[in-house]
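Residue-level listing of the chains:
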Amino acid sequence: MIKNAILSLLFIACVHYLPAQPPCPVIPLPAIATKQSGVFTCNAGTTIIATRDSLQPVARYLQKQLQKINGATLQIGQTKKGSTIQLVSKPGNNAEGYTLNMKPGTVTITGHSTAGVFYGVISLLQLAAHSNATTIPCWNISDAPLFTWRGYMLDESRYFFGKEKVKQILDQMAFYKLNKFHWHLTDQPGWRIEIKKYPKLTEIGGIGNHFDSTAPAAYYTQEEIKEIVAYAAERFITVVPEIDMPGHATAANRAYPEFSGGGSARYPEFTFNPGYEGTYQYLTDILKETDALFPSQMIHLGGDEVSFGNEKWLSNPHIQNLMAQQGLKDARAVELYFIKRMADTLTAMNNKTLAWDEVAQADLQPKQTIVFWWRHDQPKQLTTSLQKGYYVVLCPRLPFYFDFVQDSAHVSGRKWGKEKLFNPLQGVYNFSLARYNIPETQAPQVLGIQANMWTETIKTNKRLDFMMYPRLCAFAEAAWTKPAQKNYALFTRRLQGHLRWLKKQGIHYYEPAAPEPIH
Ligand code: TNX
């Protein structure tokens, strides 16, 4: 008896004095991560072994990135000489899931698909980036994402950042396991995608930005778009282009005024003309060229804020005709007719239709439609979308608009309403689906979440970085990690190494612990 009691006391004492496991530095936090003893030595004698040909590109990515992180060039091969990193793909439940097992001489990454292997590689790269030089502390990780849509949107109409910045953003998205890049390429100030059939779209429509209407034409050629799409694909990121219609069409209308449906005093020439047959051919041609550039088979049609500039519709003879013919009672009915027709065009091109939540009331095909719910103050648009069987991506302004400031002292970005609400790091981090009371039967329609970077208040790379980091890290954890596992206090500790890594890469960021006073 007494012996037993002493033994159990000893046991309790030992457990108590075992050093606590350090927090896992990987962001987003993996489902299971346990620290192992020892370090993995990763140097020029290390071989990356890809067990299938299809894993070769991932092996090369690992090789290239490790070289950037610690300067060592690993071999890719089949023979085992020094330490090895094995890449294995084995089908499993969640295709993006993976396990990472580390021992001093061997790392094994087993993914449920090539993407899963890639995410295991990313976790290893993060551990490498946080350790010194060539020794990486060993961890065992078993992981899979919460959402399949982990998106980030960049508005390059308001401001054109260009290819190199976009590539850097794709690098960072990959580092945080984000997988959808929504590219907002057209809007009022500028048209940024080359369309060969309508060259004036970029020659004339490409001129100007939100800050300077005379800035020289800036846009992506079709070759550059292919290059970016391929760059994203290497990082398991799907690129989704947005061609905004029938509103936010001002830049296009400068180039081809014959398709304009007019605007309002505040938003001149804001819309395409939904009453003119030629408009449908014109837009179909544009979408055809767009489709050919993006293998995602998804095009975002915008569809937002049409009422900002459609007041001329009701007096336009073409539109009056259309209304009479189709029995459309008002401008909103015309808008929904237009959206349906363009969505059908996309279906015929084997593309899914993506659009902002204004389209919830349109009569679209459930399985072919993804609605982006952005108006946090209009929960009905989300409920209706779900009831109609559409897929949804949640990107509510609060907390996912990154053009909103992140500190009450900041002055340049947006704030919401009389209360001047904004999007602090913690607000982004604490996002939880539970808040939206989505019925269990509709939960499978929620593909995931997205952060949107609108750029009416952003005209330098440095400011873009400031608005983006570290909120992107918090967002990534909200997109990947189950809510029950999230812990903001621990996150801010785990973030420290990531901030150091961002700094090393020359990326500016908002420092939550020592905020810059005015920005
Ligand atoms: C609303 S979000 C817009 C954008 C603006 C943004 C600024 C959406 C579908 N439309 O055109 O840039 O607010 O926060």
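Scroll up a little and you will see the structure.
This text gives an overview of the structure that appears in the document. Remember, it's a predicted structure, so these values are computed and weren't measured experimentally. (Residues numbered from 1 in each chain as written. Predicted model: local features only at pLDDT ≥ 70, side-chain atom pairs only at ≥ 80, totals over all residues. Heavy atoms only, no water.)

What to know about the layout of surface pockets
In this structure, the largest pocket occupies an estimated 740 Å³ of space. What lines the largest pocket is a set of 29 residues, and nearest its centre among them are Arg158, His248, Tyr267, Glu305 and Phe308. Class assignment of the residues belonging to the lining of the largest pocket gives a composition of 8 nonpolar, 9 polar and 12 charged. Quantified by volume, the second largest pocket comes out at close to 420 Å³. Taken together, 22 residues form the lining of the second largest pocket, with Leu127, Ala129, His130, Ser131 and Arg500 sitting closest to its centre. No other element matches the 6 residues that helix H16 (residues 488–504) contributes to the lining of the second largest pocket. Of the residues contributing to the lining of the second largest pocket, the split by class is 11 nonpolar, 5 polar and 6 charged. (1 Å grid on protein atoms, 1.4 Å probe; cavity = no way out; pocket = protein on both sides within 12 Å on 5 of 7 lines; lining within 4 Å. Points joined across faces, edges and corners; volume = space filled by probe spheres on them. Nonpolar A, V, L, I, M, F, W, Y, C, P; charged D, E, K, R; others polar. Helix = DSSP H or I, 4+ residues; strand = E, 2+ residues; numbered from the N terminus.)

What to know about the pattern of salt bridges
Close approach of charged atoms lets side chains of opposite charge pair. Scanning all chains against the criterion turns up 20 salt bridges. With a shortest N-O distance of 2.8 Å, Glu277 and Arg341 are connected by a salt bridge. Placement of the pair is Glu277 in helix H8 (residues 277–293) and Arg341 in helix H10 (residues 331–348), with a sequence separation of 64 residues. Two residues, Arg332 and Glu335, come together in a salt bridge whose shortest N-O distance is 2.8 Å. Of the two residues, Arg332 and Glu335 are both situated in helix H10; the distance of 3 residues between them amounts to about one turn of the helix. Using a relative accessible area of 30% as the deciding quantity, one classes Arg332 as partly exposed. You can call Glu335 buried: its relative accessible area is 7%. Because the salt bridges share partners, they merge into one network encompassing Lys64, Asp171, Glu234 and Arg235. (Salt bridge = Lys/Arg side-chain N within 4 Å of Asp/Glu carboxyl O. Buried < 20%, exposed > 50% of the residue type's maximum accessible area, 1.4 Å probe, protein only.)

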